[in-house]
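Here is how the chains run, residue by residue.
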Amino acid sequence: MAVHESLRLHITTDKFIFEPIDTGENELLVIDRVTQEISLQANEGQIPTNAVTSTVCGIMGIIRLIAGPYLILITGKEKVGEIRGNTVWQVKTTKVHSYKRTMFHLTEKQNRDNLVYLSMVEAVLKTGYFYYSTTYDITHSLQRLYNTSPDFMSMPLHERADQRFMWNGHVLRELSQQPELARYCLPVMHGFMSIKSLVVNNKGVDYILISRRCVYRAGTRFNVRGLDNKGQVANFVETEQIVIHNDTSCSFVQTRGSIPLYWSQRPNLKYMPQAQLRTSNHLEGLQRHFDDQVFMYGEQIIVNLVNSKGHEGSLEKALAESLNSFKNPKVKYEYFDFHHECRKMRWDRLSVLVNRLDEKRKQFGYFVVSSDGVPTSHQEGVIRTNCMDCLDRTNVVQGLLAKITVEEQFQTLGITDGQRKLEEFPHFKHMFNNVWADNADIVSKQYAGTGALKTDFTRTGKRTKLGLLMDGWNSLNRYFKNNFGDGFRQDSIDLFLGNYIVEENEGVSKPSPLGSDRDWKFYAIPVIFVIAMAMCVISILLPDEHVSEQLMYILFWGGASLMSLAVIYRYGSEFVDQPRLVQTKVKTD
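A quick note: this is a predicted structure, and the numbers were derived from the prediction, not measured.

What counts and how
- Residues numbered from 1 in each chain as written.
- Predicted model: local features only at pLDDT ≥ 70, side-chain atom pairs only at ≥ 80, totals over all residues.
- Heavy atoms only, no water.
- Helix = DSSP H or I, 4+ residues; strand = E, 2+ residues; numbered from the N terminus.
- Rg over C-alpha atoms; globule rule 2.2 N^0.38 Å.
- Buried < 20%, exposed > 50% of the residue type's maximum accessible area, 1.4 Å probe, protein only.
- Contact = heavy atoms within 4.5 Å.
- Areas by Shrake-Rupley, 256 points an atom, 1.4 Å probe, with all protein chains shown as cover.
- Lys, Arg positive; Asp, Glu negative; His and termini not counted.
- Charge placed at Lys NZ, Arg CZ, Asp CG, Glu CD.
- Pairing = 2+ DSSP bridges.
- Axes fitted to C-alpha atoms, helices over the stretch in contact; angles between N-to-C directions.
- Salt bridge = Lys/Arg side-chain N within 4 Å of Asp/Glu carboxyl O.
- Expected span 1.5 Å × (residues − 1).
- Phe/Tyr/Trp six-rings, centres within 6.5 Å; stacked < 30°, edge-to-face > 60°.
- Lys NZ or Arg CZ within 6 Å of the ring centre and 35° of its normal.
- Arc of directions from axis to C-beta.

A.B. asks: Describe the overall build of the protein chain, with residues and values.
C.D. replies: If you tally the helices and strands in the protein chain, you get 16 helices and 20 strands. Computed over the C-alpha atoms, the radius of gyration of the protein chain is 27 Å, within 12% of the 25 Å expected from 2.2 N^0.38 for a compact globule of 589 residues. In terms of overall dimensions, the protein chain has a C-alpha envelope of 90 × 70 × 50 Å along the principal axes. When burial is assessed residue by residue, the protein chain has 56% of its 589 residues classed as buried. The contacts of the protein chain with a sequence gap of at least 6 include a subset with a gap of at least 24, amounting to 68%. With an accessible surface of roughly 25,600 Å², the protein chain has 55% of that area assigned to carbon and sulfur atoms. Charged side chains in the protein chain number 67 positive and 65 negative. The centres of these two groups are separated by 5 Å.

Have a look at this one:
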């Protein structure tokens, strides 16, 4: 059942009225702003002439804040492309409407807190890279779609969507609870999508890359790591590469996800905080994780790219020991010390890992569905890749595996014959490299706040000095965002996904999103540092006839600067932007 492609919204003082304009149906969706009742009504001229009218692309959902419900609408879209005749859109602009016409019912504090919550919702929406289709389920891989029953395929889009990748599942709940509103319930995916049509070897080819970000244990880089008790891991992403030729489709799926152990890495102003591995038994959570993964994807090859030394090495040893105790024949472990093997810019060494994975990758195969909709082969397993963040090193390896696989997909679909390489098709190769680099950047921005590192290799096939400089800039940018902005980002994600529920007219019993209860040191010591540093600079720049006095001032204010800076560094976790709404996020659950 398709969702309405476009709607005309009529806003009155007491109602939101949605009129479908893509069909000839004589119906209206009416949301009463006073009683909050949602209903379908016949269109019998009840739209007031004084209503404020606009066109919207769809309804993302409804979220409840202190002031009451807010309606989240998709107001602008951009076409990404088509998958088997179904158009896919990227959300470009959104708008949030309050049910309430005034905020007089709120206290001053409630109004301030409500504005913060509202800014959190808008921050998530402005993250961008939300995608939807009104006729096609983009939350499922091709293999999952074709392995379901006809009854499943006839269900409304929001009901059959993979809940792991439906980012508006929480905010859509009030609409989705009423079956008659199915054509207004639009499932939205978050991640990355690219659809390109081009010619390869004089044959028309559609190349599609989809990365689906999971809603479970979602969040920001240092605030969400490892496993939870339900077996969900941080930054889990399913990436699907689809090649279509003559209506025959070939799909190859890879996954990534945080190291499946109970561990954390809280920001504390250090460039790289120490990872903390919990001492409890990891086996139960790891088993839940891989039982779920094997059920969803089949056999698993765990490719671990972390360093063999330091805190990364401790995690690697713990994972290897846990997997050895796990003893699941469908889960294999492949360790590759990326930084050691590729040191001194020897990125050609990645061929060692690719060769080790080649036999299993070919055994897993890929999913092929013919032009008449009949599956002819299935993917029997996936390669699950991780590093510490599941971003930079992971992106490089996944891109290499995708490159080798797309060459085989071309042969399977009859696009090429023999062992022809991607280098023989420079136009396609250029597109392929840039799409994978864009995928790396977007997924990295959504988790770490900046573009990915090492994308010069993904785009050009070479590691360059300019790329190293760009990595340095992105690393510095990440440092500031992860320490001074990710608490707010984490709270925003938790609020949007329903991990934290705001109560209407919420009082003082709940944590304030404003952070007003921080310790006095958070405010005083940075001020002391700024003043002392400024006085030290003034003492150096302004000449003084008495050199000894000038030196004394320089030493005094310089010493005050260093002492305050040392205190800030010593108590670093007090000065970073911590998430406030879901306090359990600071633990590993």
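A.B. asks: Just give me the short version of the sheet that holds strand 1 (residues 7–11), but keep the residues and values in it.
C.D. replies: Taken in spatial order, the five strands line up as 4-3-2-1-5 in an open sheet, and their pairing is antiparallel. Each of the sheet's edge strands pairs with one partner strand only, and the pair in question is strand 4 (38–42) and strand 5 (52–56). In this sheet, adjacent strand axes meet at a mean angle of 25° when their direction is disregarded. Examined bridge by bridge, strand 1 and strand 5 share five bridges and lie antiparallel to one another.

A.B. asks: Give me the pattern of salt bridges: which residues, what numbers.
C.D. replies: For the structure on display, the rule yields 37 salt bridges. With its nearest N and O atoms 3.2 Å apart, the salt bridge here joins Lys 79 to Glu 82. Taking the relative accessible area as the measure of exposure, Lys 79 reaches 44% and is therefore partly exposed. Residue class for Glu 82 comes out partly exposed when judged on its relative accessible area of 36%. Between Asp 358 and Lys 362 there is a salt bridge, and its shortest N-O distance comes to 3.3 Å.

A.B. asks: Which residues make up helix 10 (residues 392–412), and what values do they have?
C.D. replies: Here helix 10 contains 21 residues, and its C-alpha end-to-end distance of 30 Å stays within 8% of the 30 Å for a straight helix at 1.5 Å per residue. Just downstream of helix 10, Gly 414 is the residue with a positive phi angle, here 75°.

A.B. asks: Just give me the short version of the packing of aromatic side chains, but keep the residues and values in it.
C.D. replies: With the rule as written, the count across this model stands at 14 aromatic pairs. With a centroid separation of 6.0 Å and 35° between ring planes, the pair formed by Tyr 146 and Phe 367 is classed as tilted. Of this pair, Tyr 146 sits in helix 2 (residues 142–146) while Phe 367 sits in strand 18 (residues 367–369), and the two are 221 residues apart along the sequence. Overall, the relative accessible area of 28% leaves Tyr 146 in the partly exposed class. Residue class for Phe 367 comes out buried when judged on its relative accessible area of 0%. The residue whose ring lies beneath Lys 77 is Trp 89, and the NZ or CZ to ring-centre distance is 4.0 Å. Lying over the aromatic face of Tyr 262, Arg 278 brings its terminal NZ or CZ to 4.4 Å of the ring centre.

A.B. asks: So what's going on with the environment of Arg 580? Residues and values would help.
C.D. replies: Along the polypeptide, Arg 580 turns up in the segment after helix 16 (547–570). We classify Arg 580 as buried; its relative accessible area is 14%.

A.B. asks: Can you tell me about the side chain of Ser 370, naming the residues and giving the values?
C.D. replies: Mapped onto the fold, Ser 370 is located in the loop between strand 18 and strand 19 (375–377). Dropping the residues within four chain positions of it, Ser 370 is found in contact with Arg 84, Asp 247, Thr 248 and Thr 376.

A.B. asks: Any details on helix 6 (residues 283–297)? Residues and values, ideally.
C.D. replies: For helix 6, which comprises 15 residues, the first-to-last C-alpha distance of 20 Å matches the rise-based estimate of 21 Å (1.5 Å per residue) to within 8%. Every buried residue belonging to helix 6 is among Gly 285, Leu 286, His 289, Phe 290, Gln 293, Val 294 and Tyr 297, and all of these are buried. Buried residues of helix 6, seen end-on, are gathered within an arc of 160° and therefore sit on one face of the element. Facing away from the buried side of helix 6, by more than 90 degrees, are the exposed residues Glu 284 and Phe 295. Within two residues after helix 6, Gly 298 carries a phi angle of roughly 90°, on the positive side.

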